[in-house]
Amino acid sequence: GNMIESKAKDIMTKARTRLVTGYPFFGNVAMRLKLIEDKTIETMATNGKVVKYNPSWVESLLLSEVVATLSHEILHVTNGHHLRMGARNHVLWNTSTDFSINAILDKEGFDLPEGALLDPVYGNKCAEDIYAILFEEYEEAKEEASNSESSNESEEGETSEGSGQSPSQDNSGEEEDG
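Model, not experiment: these values are computed from the prediction.

Caption draft 1: Just the sheet that holds strand β3 (residues 50-53), in detail. One open sheet holds the three strands; their spatial order is β1-β3-β2, and the pairing between them is mixed. Every interior strand has two partners, whereas the edge strands, β1 (34-37) and β2 (44-46), have only one. Here the average twist between neighbouring strands, direction ignored, is 20°. In the sheet, β2 pairs with β3 via three bridges, with the strands oriented antiparallel. Residue Ala 45 lies in a different strand from β3, and its bridge partner there is Lys 52. Each of β1, β2 and β3 is contacted by helix α4 (residues 63-78), which is oriented at about 25° to β2, the strand it contacts most.

What follows is the structure, encoded as structure tokens:
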């Protein structure tokens, strides 16, 4: 193999060692995941068998932040997040699982890097519960966007804003189409 280890690989190996010595649960899983340098990914990612990391990003962090991020990837694996996604929106599911994981890591005193998804609102919620909240917000935002583009359909008469209709002239109840 290559005699000269890259700086990033060295950092990742140190981070893994720190988990093995300080957090046996994480360390045990970390030892079973192959660490692979990959410049095409933004930060770090896992498929449950390998952890890919962007070397420049890893080198820009404190070791404690790399440890936290590696632990983050491990929790995706141990929590079976790829198995639990089902037919959900992939991006929203990922965001939900990140919020759920980071709340755990933060509470355990891990040093999450800047920009990590963390919100006290999601404190003890599982990914599925967080997803339900995010999905509702996403649907509402999508609906608002389409309402401002075309003003022909107001969904179930929730608002008459921007719907171009005067509020319920007939008393036939809610519109069910749309």
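Caption draft 2: View of a negative patch on the surface. Residues Glu 136, Glu 137, Glu 140 and Glu 144 make up a contiguous surface patch of negative charge. Summarising the element assignment, Glu 144 is placed in helix α7 (residues 127-149).

Caption draft 3: Inspection of the environment of Ile 41 at higher detail. Residue position: Ile 41 is located in the loop between β1 and β2. Here Ile 41 falls in the buried class, since its relative accessible area comes to 18%. Residues Ile 41 and Trp 57, spaced 16 residues apart in sequence, show a C-alpha to C-alpha distance of 9.6 Å. Not counting the four nearest positions on each side in its chain, Ile 41 is found in contact with Lys 52, Tyr 53 and Asn 54.

Caption draft 4: Highlighting the pattern of salt bridges. If you walk through the whole model with that rule in mind, you get four salt bridges. Here Lys 14 ties to Asp 10 by a salt bridge, and the two come within 3.1 Å at their closest N and O atoms. With Lys 14 and Asp 10 both in helix α1 (residues 7-22), this residue pair falls four residues apart, about one helical turn. Taking the relative accessible area as the measure of exposure, Lys 14 reaches 44% and is therefore partly exposed. Note on Asp 10: relative accessible area 35%, which makes it partly exposed. Across the pair Glu 139 and Lys 142 runs a salt bridge, and its minimum N-O distance is 3.2 Å. Taken together, the positions of Glu 139 and Lys 142, both in helix α7 and three residues apart, correspond to about one turn of that helix.

Caption draft 5: Local environment of helix α6 (residues 90-107). Compared with an ideal rise of 1.5 Å per residue, which puts 18 residues at 26 Å, α6 spans 26 Å between its outermost C-alpha atoms and is within 8% of the ideal. Burial in α6 covers these residues: Leu 92, Trp 93, Ser 96, Thr 97, Asp 98, Phe 99, Ser 100, Ile 101, Asn 102, Ala 103 and Leu 105. Residues of α6 that are buried make contact with α2 (24-32), α4, α5 (81-84) and α7. Measuring from the backbone nitrogen of Val 91 back to the side-chain oxygen at the start of α6 gives 3.0 Å, which picks out Asn 89 as the cap. One or two residues past the end of α6 sits Gly 109, with phi positive at roughly 90°.

Caption draft 6: The arrangement of the pairing of β3 in detail. Pairing between β1 and β3: four bridges, direction parallel. Within the sheet, the bridge partner assigned to Leu 35 lies in β3 and is Val 51. The loop that links β2 with its antiparallel partner β3 comprises three residues; one of these, Gly 48, has a positive phi angle of about 95°.

Caption draft 7: Molecular detail of the layout of surface pockets. Its volume calculated, the largest pocket comes out at about 760 Å³. With eight residues, the top contributor of residues to the lining of the largest pocket is α6. Of the residues belonging to the lining of the largest pocket, the class tally is 11 nonpolar, 15 polar and four charged.

Rules behind the numbers
- Residues numbered from 1 in each chain as written.
- Predicted model: local features only at pLDDT ≥ 70, side-chain atom pairs only at ≥ 80, totals over all residues.
- Heavy atoms only, no water.
- Pairing = 2+ DSSP bridges.
- Helix = DSSP H or I, 4+ residues; strand = E, 2+ residues; numbered from the N terminus.
- Axes fitted to C-alpha atoms, helices over the stretch in contact; angles between N-to-C directions.
- Contact = heavy atoms within 4.5 Å.
- Patch = residues over 30% accessible without salt bridge, like charges linked within 9 Å, V, L, I, M, F, W, Y side chains within 5 Å.
- Areas by Shrake-Rupley, 256 points an atom, 1.4 Å probe, with all protein chains shown as cover.
- Salt bridge = Lys/Arg side-chain N within 4 Å of Asp/Glu carboxyl O.
- Lys, Arg positive; Asp, Glu negative; His and termini not counted.
- Charge placed at Lys NZ, Arg CZ, Asp CG, Glu CD.
- Buried < 20%, exposed > 50% of the residue type's maximum accessible area, 1.4 Å probe, protein only.
- Expected span 1.5 Å × (residues − 1).
- Polar contact = N/O pair within 3.5 Å; in protein donor to acceptor, adjacent residues only side chain to side chain.
- 1 Å grid on protein atoms, 1.4 Å probe; cavity = no way out; pocket = protein on both sides within 12 Å on 5 of 7 lines; lining within 4 Å.
- Points joined across faces, edges and corners; volume = space filled by probe spheres on them.
- Nonpolar A, V, L, I, M, F, W, Y, C, P; charged D, E, K, R; others polar.

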